[in-house]
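# A closer look at the structure
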Amino acid sequence: MTSRSVEITVLSAENLQSNRKPFKKNSFVTVRTDAAVSTSKLYRTVETDCEGGGPRWNEKIEVELPAQARNLILEVQCNNGARTIGAASIPVSDFIGGWVPENYLHFLSYRLRDERGVRNGIINISVRMKVPEGLMSTYARKVTSGCATTSSQTKVGYPAVENSGVATGVPLNWNSYPRVQY
């Protein structure tokens, strides 16, 4: 498999600033991968809806994700494309693999950084892997291989065996609690 198709919906941005002033309109988002330049394409949103808070694009972009790509790079730019307002690098591992189906819709928010590396707002996106019909996803292979099942019934989530004695929680340092003297 040389590439996969990813459906990214660029939703909105919050707290964007340009020259220490709120930036709300005349912007677009470019999406590219960190793969080699010859295989990476540039995708761009078209319209900006700037009523209310920050810019809203609400646009779906279908991106071809090469197998060697490790990150998606989103850049919010001025409408004339002369300046990058903020950029975020999104690890592909945030939405590929794990214990959710590949076509699962992930809603993600990432911190944007300007050209100097200073925090400059947040971008909100949703990501879904496009799995071609007839191909078995990684999740489906895990489920059918018995890794995530305990009986004939399939469970979504982390693999668990009935009454396995697995406890989940937050580890505590018991020495930090005061001891009661009896």
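Keep in mind the model is a prediction, meaning the values are calculated, not measured.

## A word on the pattern of salt bridges
Taken as a whole, this structure holds 4 salt bridges when the rule is applied. Here E7 ties to K60 by a salt bridge, and the two come within 3.9 Å at their closest N and O atoms. Highlighted residues: E7 in strand 1 (residues 3–14) and K60 in strand 6 (residues 56–66), separated in sequence by 53 residues. Exposure remark for K60: the relative accessible area of 61% places this residue in the exposed category. E7 is the salt-bridge partner of K130, the closest N and O atoms lying 3.6 Å from each other. Of this pair, K130 sits in strand 10 (residues 119–130) while E7 sits in strand 1, placing them 123 residues apart in sequence. Accessibility expressed as a relative area gives 15% for E7, which makes it buried. Overlapping salt bridges, with partners in common, bring together E7, K60 and K130 in one network.

## What about the environment of N19?
Here N19 lies in the loop between strand 2 (17–18) and strand 3 (21–22). Residue N19 is classed as exposed on the basis of its relative accessible area of 65%. C-alpha of N19 to C-alpha of I85: the two residues are 66 residues apart in sequence and 9.7 Å apart in space.

## Considering the pairing of strand 4 (residues 27–33)
The element strand 4 is largely enclosed, with a buried count of 6 among its 7 residues. Bridging between strand 4 and strand 7 (residues 71–78) involves 7 bridges; their strand directions are antiparallel. Bridge pairing in strand 7 links F28 to Q77.

## Some thoughts on the pairing of strand 9 (residues 106–113)
Residues in a regular strand point their side chains to alternate faces of the sheet. Across 7 bridges, strand 9 lies against strand 10 in antiparallel orientation. Paired with L108 across the strands is I125, a residue of strand 10. From the end of strand 9 to the start of strand 10, which pair antiparallel, there are 5 residues, and G117 there has a positive phi angle of about 90°.

## Re the side chain of S126
Relative to the helices and strands, S126 is located in strand 10. Apart from the residues within four sequence positions on either side, S126 is in contact with E7, I8, T9, L11, L105, H106 and F107.

## Some points on unusual backbone geometry
Backbone geometry places N15, a non-glycine residue, at a positive phi of 55°. Relative to the elements of secondary structure, N15 occurs in the loop between strand 1 and strand 2. In this model, N58 sits at a positive phi of 50°, which is unusual for a non-glycine residue. Looking at the element boundaries, N58 is found in strand 6.

Conventions we followed
- Residue numbers run consecutively from 1 along every chain, following the written order of its sequence.
- A pLDDT threshold of at least 70 governs which residues receive local features in this predicted model, and a stricter bar of 80 or more applies before side-chain atom pairs are shown or counted, although totals over entire chains, interfaces and linings include all residues.
- Computation of side-chain values: all heavy atoms of the structure, hydrogens and water removed.
- One speaks of a salt bridge when a side-chain nitrogen belonging to Lys or Arg is within 4 Å of a carboxyl oxygen belonging to Asp or Glu.
- The helix count covers DSSP runs of H or I at least four residues long, the strand count covers runs of E at least two residues long, and both are numbered beginning at the N terminus.
- Summary of the burial criterion: residues with accessible area below 20% of their type's maximum are buried, those above 50% are exposed, and those between are partly exposed, where the area comes from a 1.4 Å probe applied to protein chains only.
- The pairing criterion is simple: DSSP has to find at least two bridges between the two strands.
- The criterion used for residue contact is that any of the two residues' heavy atoms lie within 4.5 Å.

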